[in-house]
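Summary of structural features
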Amino acid sequence: MKYYSVVFYGKIGILKEEEINIIREIYKKYPKTFYLKKSIKNGYNLSFNGIKDKNIANKIKILLTNLKDDYSYDESNYHYFFKKIKDPNYTGKCINNKITVTEDSYMNLFQNMEQYDFYRELSMKLDSIFFYNYFKHNKVSYIYNFLKNEYQSRKENMWYNSHLSHFWSFYSNLNEIQKYKFLKLIKDNEIEFEVEDENFDEKILSYIINKVTYLQTEGKIDFFSPKTYEDLINNDLSTKEHKNTMKYYKSFINDVNYISNRWFLNLVYEKMLILNYTVLDKYTINYNFALKDNQFRVLDIV
């Protein structure tokens, strides 16, 4: 089966209300039809993916032409920055000010259609939760309290481990001066831990765990999916802790909770881009959840 993407090549950040309304109208007109993604692949872009009907994709393309603001960007700066930091999504191409309809290339990232369909469905579910906060400025407390709400629906403390892992993979590569400055930036990026007007009713982790249980039983997914253990072990791992973890992969490769947590958190990170969060915001979240992990003090971070 073919799925299609409508890709808007331009640097889209915080939009004006009238611009947001155009995208909301598309969402209302074609509910449960696509999932949203921001990327730098082939140029800054916002894409509407997983569309089953190419006619609908073409209609969405037409509606997107109503976004009249200038979303162009300096292509030389784009190439310089992403080539310099060796971003894995950087292809050397740069498309600017263009809307295209293509086959959904994200399908090719998965080992089987069951994984892609799971990713597509999960991504659409997160869109339904976050959609009316997309393209705006959001406080760090918004995403923090969403995650906290999900974790509190489960009893296992293991949900914090991925945050610790993501934090440590970056932090451990800094020198002592950089570590001090980095922690100061995080602590200055204050989170409002108690926010009364945020109400997240849907417990999406329950859905993910049920789905992963089925896929794991069918042999369609494991902890390293959509890659393999061999893919990762043959690449340079960023920290000593990651290398040690890989030695004991047999103890968690088919663990439903660990698989669920990995897919959930990686997709939340994707959606944080559309919510206009920065890299600092991401590590602020990871730092604050890592504090809850019993390995945090062992690693002597605080």
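Below or above, wherever it landed, is the structure these notes cover.

Definitions and limits used
- Residues numbered from 1 in each chain as written.
- Predicted model: local features only at pLDDT ≥ 70, side-chain atom pairs only at ≥ 80, totals over all residues.
- Heavy atoms only, no water.
- Helix = DSSP H or I, 4+ residues; strand = E, 2+ residues; numbered from the N terminus.
- Expected span 1.5 Å × (residues − 1).
- Buried < 20%, exposed > 50% of the residue type's maximum accessible area, 1.4 Å probe, protein only.
- Contact = heavy atoms within 4.5 Å.
- Salt bridge = Lys/Arg side-chain N within 4 Å of Asp/Glu carboxyl O.
- Phe/Tyr/Trp six-rings, centres within 6.5 Å; stacked < 30°, edge-to-face > 60°.
- Lys NZ or Arg CZ within 6 Å of the ring centre and 35° of its normal.
- Core = buried A, V, L, I, M, F, W, Y, C linked by side-chain atoms within 4.5 Å.

Looking now at helix 12 (residues 279-290). Across its 12 residues, helix 12 extends 16 Å between first and last C-alpha, which sits within 8% of the 16 Å expected from 1.5 Å per residue. Of all the 12 residues making up helix 12, nine are buried; the element is thus mostly covered by neighbouring parts of the structure. For helix 12, the full list of buried residues reads Asp 281, Tyr 283, Thr 284, Ile 285, Asn 286, Tyr 287, Asn 288, Phe 289 and Ala 290. Taken together, the buried residues of helix 12 touch helix 5 (140-152), helix 6 (161-171), helix 7 (176-188) and helix 11 (256-274).

With that settled, consider the pattern of salt bridges. On inspection of all chains with the given rule, the structure shows nine salt bridges. Residue Glu 270 pairs with Lys 37 through a salt bridge whose shortest N-O separation is 2.9 Å. Within this pair, whereas Glu 270 is found in helix 11, its partner Lys 37 is found in strand 2 (residues 35-39), the two being separated by 233 residues in sequence. For Lys 271, the salt bridge goes to Asp 127, with nearest N and O atoms at 2.9 Å. One end of the pair, Lys 271, is in helix 11; the other, Asp 127, is in helix 4 (residues 113-130), and 144 residues separate them in sequence. Of the two residues, Lys 271 and Asp 127, both sit in the buried class.

Turning our eyes to something else, we now look at the packing of aromatic side chains. Scanning all chains against the criterion turns up 39 aromatic pairs. A ring pair is formed by Phe 223 and Phe 224, whose centres lie 5.3 Å apart and whose planes are at 85°; its orientation type is edge-to-face. Each member of the pair Phe 223 and Phe 224 is classed as buried. Directly above the ring of Tyr 106 sits Lys 37, whose terminal nitrogen or CZ lies 4.8 Å from the centroid.

On to the nonpolar core. With 75 residues, the main nonpolar core has Phe 48 and Phe 135 as its most contacted residues. Ranked by residues supplied to this core, first place goes to helix 11 with 10 residues. Beyond its immediate chain neighbours, meaning those up to four positions away, Phe 48 contacts Tyr 4, Ser 5, Val 6, Ile 23, Ile 26, Phe 34, Tyr 35, Leu 36, Ile 60 and Leu 64. In this structure, Phe 167, Tyr 171, Phe 182 and Ile 186 belong to the second largest nonpolar core, which totals nine residues.

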